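Structural overview
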Amino acid sequence: AGGEAANDIPDERTDAAAWLDQTLLGSQLRTALLLLSADQREVISLRFFSGQSTVEIASILDKTPDAVRQLQSRGIRALRELLRNEPWLKGAGNV
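Rules used in this analysis
Residues numbered from 1 in each chain as written. Predicted model: local features only at pLDDT ≥ 70, side-chain atom pairs only at ≥ 80, totals over all residues. Heavy atoms only, no water. Salt bridge = Lys/Arg side-chain N within 4 Å of Asp/Glu carboxyl O. Helix = DSSP H or I, 4+ residues; strand = E, 2+ residues; numbered from the N terminus. Buried < 20%, exposed > 50% of the residue type's maximum accessible area, 1.4 Å probe, protein only. Axes fitted to C-alpha atoms, helices over the stretch in contact; angles between N-to-C directions. Parallel < 35°, antiparallel > 145°, perpendicular 65-115°, else oblique. Left-handed = near helix turned anticlockwise from the far one by under 90°. Contact = heavy atoms within 4.5 Å. Nonpolar A, V, L, I, M, F, W, Y, C, P; charged D, E, K, R; others polar. Expected span 1.5 Å × (residues − 1). Arc of directions from axis to C-beta.

1. Remarks on the pattern of salt bridges
- Per the stated rule, a full pass over the model turns up 3 salt bridges.
- The partner of R69 in a salt bridge is D66, and the shortest N-O contact between them spans 2.6 Å. In this pair, R69 and D66 both sit in helix α4 (residues 65-83), 3 residues apart, roughly one turn of the helix.
- According to the relative accessible area criterion, R69 is partly exposed, its value standing at 42%.

Put into structure tokens, the structure is as follows:
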């Protein structure tokens, strides 16, 4: 009914900081993904960005589901190593 409370108004500094964090996260993740093998990058992208299942990815890439799981595991391990010293990842728990 009345006016908005002061704490309901977004803080521009917080919004800018969040935007910057997201931009840096995206940039660092894209850079790390480029350092993976082409197969690892494709499996990671299909699995986590497109939401495809292991079986679907195997069909798309003409690989066995076991091969897809291996590529995913190695890709995640490589990303973890590449990004382990990033400050935004330190508080993320078991990444």
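2. Some thoughts on the packing of helix α2 (residues 38-49) against helix α3 (residues 54-61)
- Where α2 meets α3, the closest approach of the two axes is 10 Å, and the angle between their N-to-C directions is 135°. Between α2 and α3, the angle falls in the class oblique. Note that α2 runs across α3; the crossing there is right-handed. Note on element contacts: α3 touches α2 through T54, I57, I60 and L61, opposite E42, V43, L46 and R47.
- The residue makeup of the contact of α2 with α3, split by class, is 5 nonpolar, 1 polar and 2 charged.

3. Observations regarding α4
- For α4, with 19 residues, the first-to-last C-alpha span of 27 Å sits near the 27 Å given by 1.5 Å per residue.
- For α4, the full list of buried residues reads V68, L71, Q72, G75, L79 and L83. The buried residues of α4 occupy an angular sector of 100° when the element is viewed end-on, so they sit on one face. With respect to the buried face of α4, the exposed residues turned more than 90 degrees away are D66 and R77.

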